[in-house]
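Next come the chains, spelled out residue by residue.
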Amino acid sequence: MAVMGKTRSVLRLAGRVINEAVSFIIFSILDLLDFLLCFVYKVADFFIEAEWKPCYCSSAKEAITSSGKILVSEQGESKIVCLSSSKLQLEEISDTLYARPSLLSEVSKSTVKELKRLKMEGTMIQSCEKIKKGTVRSTFTVNSTIVEMLQGRIGGQQSHPIPRWSDCDCKSCTSWTSSCKETLFVRADGARDKAREDVLFIHGFISSSAFWTETLFPNFSRSVKSTYRLFAVDLLGFGRSPKPTDSLYTLREHLDMIERSVLEPYKVKSFHIVAHSLGCILALALAVKHPGSVKSLTLLAPPYFPATKGEQAAQHVLRKVAPRRVWPVISFGASIACWYEHISRTVCLLICKNHRLWEFLAKLITRNRIRTFLLEGFFCHTHNAAWHTLHNIICGAAGKLDGYLDTVRDHLKCDVNVFHGRDDELIPVECSYNMQSRIPRARVKVIENKDHITIVVGRQKAFARDLEEIWRKSSE
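Residues numbered from 1 in each chain as written. Predicted model: local features only at pLDDT ≥ 70, side-chain atom pairs only at ≥ 80, totals over all residues. Heavy atoms only, no water.

K.L.:
Kindly report on the pattern of salt bridges, identifying the contributing residues and their values.
P.N.:
Counted under the stated rule, the structure contains 19 salt bridges. One salt bridge connects Arg-356 with Asp-169, and the closest N-O pair in it is separated by 4.0 Å. Within this pair, whereas Arg-356 is found in helix α13 (residues 355-366), its partner Asp-169 is found in the loop between α4 (144-150) and α5 (171-174), the two being separated by 187 residues in sequence. Here Arg-356 falls in the partly exposed class, since its relative accessible area comes to 47%. By relative accessible area, which is 51% here, Asp-169 ends up exposed. Residue Arg-409 is joined to Asp-406 by a salt bridge in which the shortest nitrogen-to-oxygen separation is 3.2 Å. Placement of the pair is Arg-409 and Asp-406 together in helix α16 (residues 398-411), with a separation of three residues, close to one helical turn. Using a relative accessible area of 32% as the deciding quantity, one classes Arg-409 as partly exposed. One continuous salt-bridge network, built from bridges that share partners, spans Asp-402, Asp-406, Arg-409, Asp-410 and Arg-438. (Salt bridge = Lys/Arg side-chain N within 4 Å of Asp/Glu carboxyl O. Helix = DSSP H or I, 4+ residues; strand = E, 2+ residues; numbered from the N terminus. Buried < 20%, exposed > 50% of the residue type's maximum accessible area, 1.4 Å probe, protein only.)

And the structure:
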């Protein structure tokens, strides 16, 4: 037994070393490939659309201000000022959008730093003299775009075509453009006239409302459908919801669209929330914003990675969700999506733009023996929506989660239930236990032999019964 144990330890160590070595080589190549694709897409955008789409490779200012927004920096934090005809709004963006260290970027940064150091040596004396004379009074830095805006040098917002040439232009993906109201696609089911309570379902990253409507909705009991109104939304940028090209898909934008599409038009006053993965972050933010209205919170695989003191929360989550490893495969896919703006755009170009072909092939190969709602949810999004939602919600909202959880613990009386698949390789089970340590009353249920998707898909009848029991107890 001792020999077997040592053998396993050696093999495990050897596997880890091989994985890290291969990962270093593969991701170094991908760093270079993404750098080259940056120029390829600039040329393609220019020739096809007469202008290139700014990216985060060189400057956050270029990528953000091109959408008509102003970038403001203060003590290392980044915010954007959104201008509209009626109000001016300040909201946060994630620094992981433009600060993702790589082998190539580290080499270029070291070169730039050395050049800056040589330049600074010549200007340091002048700066010190200015400080002594009192001419320097503030550490607040305003992007030069603000000055240009105030001087009237910026006209209107640049309008990118909808859809972009690299996005799908099929009727399903662009149906929202024909509507005069920009609201989310909402699938409503259950009671209509005499509903006692409402339930809001929020899907995860690169998914759609079909994740709920094709699994849970058909399996709820008649009593539930006669008592509750059930709302499942396609989040902004996904499924059949609007996919604006000038949006940065921030937390505020997602929450505003949910309120505008569900809570306000349907006059929702008291409701339960069921959320999966990325949707858990939106669910917590929504609960904190409407503390007296939420009856229960049911969270599946919440991406809660508490950072240590002094560590940047967004960068910490980026490395946890996307560890730049080739194995397991789901981590490799997450790393591609998180770290490489242009490679991930290429994936969207090949898969999402041609989703009708892939759906046809899937049905042909399986002879229609499997339901393709998961594929449809995976295909129906734009790169702009996926890229910004990933960074601004999963990574960017990480610094807010502790505050949200503390508010739920101290000021909300709603029941909190957390479900997690034991075999989830994307969001580990520890995330749910971390959440329970922050909210002691939260009940955590770990489902054996289930992963990030099969926690619902494949056990929808059992999960529907679990939800009915949660709603019944919270009502009592």
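K.L.:
Report on the packing of helix α1 (residues 2-49) against helix α12 (residues 341-351), specifying residues and quantitative values.
P.N.:
At a closest axis distance of 7 Å, the pairing of α1 and α12 adopts a crossing angle of 65°. Of the two possible hands of crossing, α1 and α12 adopt the one that is left-handed. Taking contact as the criterion, the partners of Leu-30, Leu-33, Asp-34, Leu-37, Cys-38, Tyr-41 and Asp-45 in α1 are, on α12, Glu-341, His-342, Ile-343, Arg-345, Thr-346 and Leu-349. Of the residues assigned to the contact of α1 with α12, the class counts are seven nonpolar, two polar and four charged. (Axes fitted to C-alpha atoms, helices over the stretch in contact; angles between N-to-C directions. Left-handed = near helix turned anticlockwise from the far one by under 90°. Contact = heavy atoms within 4.5 Å. Nonpolar A, V, L, I, M, F, W, Y, C, P; charged D, E, K, R; others polar.)

K.L.:
Go over the side chain of Asp-31 with me, naming the residues and quoting the values.
P.N.:
Within the secondary structure, Asp-31 is located in helix α1. Look at Asp-31 and you get buried, because its relative accessible area is 5%. At 2.7 Å, the side chain of Asp-31 and the side chain of Tyr-340 are in polar contact. (Polar contact = N/O pair within 3.5 Å; in protein donor to acceptor, adjacent residues only side chain to side chain.)

K.L.:
Pulling in residues and values, what's your account of the confidence of the model for the chain?
P.N.:
Taken as a whole, the chain shows an average pLDDT of 83; of its residues, 79% reach a score of 70 or greater. Within the chain, no element has a lower average pLDDT than α4, which sits at 39, and none a higher one than strand β8 (residues 271-276), at 98. Across residues 84-88, where pLDDT falls below 50, the model places four contacts with residues more than four positions away in sequence or in other chains. pLDDT under 50 marks residues 134-160. Its contacts with residues more than four places away, or in other chains, come to 31 contacts. (pLDDT = per-residue confidence, 0-100.)

K.L.:
Residues and numbers for the environment of Leu-390, please.
P.N.:
Considering the arrangement of structural elements, one finds Leu-390 in helix α15 (residues 383-395). Residue Leu-390 is classed as buried on the basis of its relative accessible area, which comes to 4%. Taking the C-alpha atoms as reference points, Leu-390 and Thr-96, 294 residues apart in sequence, are found 9.8 Å from one another.

K.L.:
So what's going on with the nonpolar core? Residues and values would help.
P.N.:
Leu-200, Ile-202, Leu-284 and Leu-297 are the most contacted members of the largest nonpolar core, which totals 72 residues. Take this core: its biggest share by element is nine residues, from helix α9 (residues 278-289). Aside from chain neighbours lying at most four places away, what touches Leu-200 is Phe-231, Val-233, Ile-258, Val-262, Phe-271, His-272, Ile-273, Val-274 and Leu-286. By size, the runner-up hydrophobic cluster in this structure holds 25 residues, among which are Val-199, Trp-212, Tyr-228 and Leu-467. (Core = buried A, V, L, I, M, F, W, Y, C linked by side-chain atoms within 4.5 Å.)

K.L.:
Give me the lowdown on the environment of Ser-221, citing residues and values where you can.
P.N.:
One can find Ser-221 in the loop between α6 (210-213) and α7 (222-225). A relative accessible area of 21% means that Ser-221 is categorised as partly exposed. Counting along the chain gives 244 residues from Ser-221 to Arg-465, while the straight-line C-alpha distance between them is 8.4 Å. Residue contacts for Ser-221: discarding those within four places in its chain leaves Arg-465 and Glu-468.

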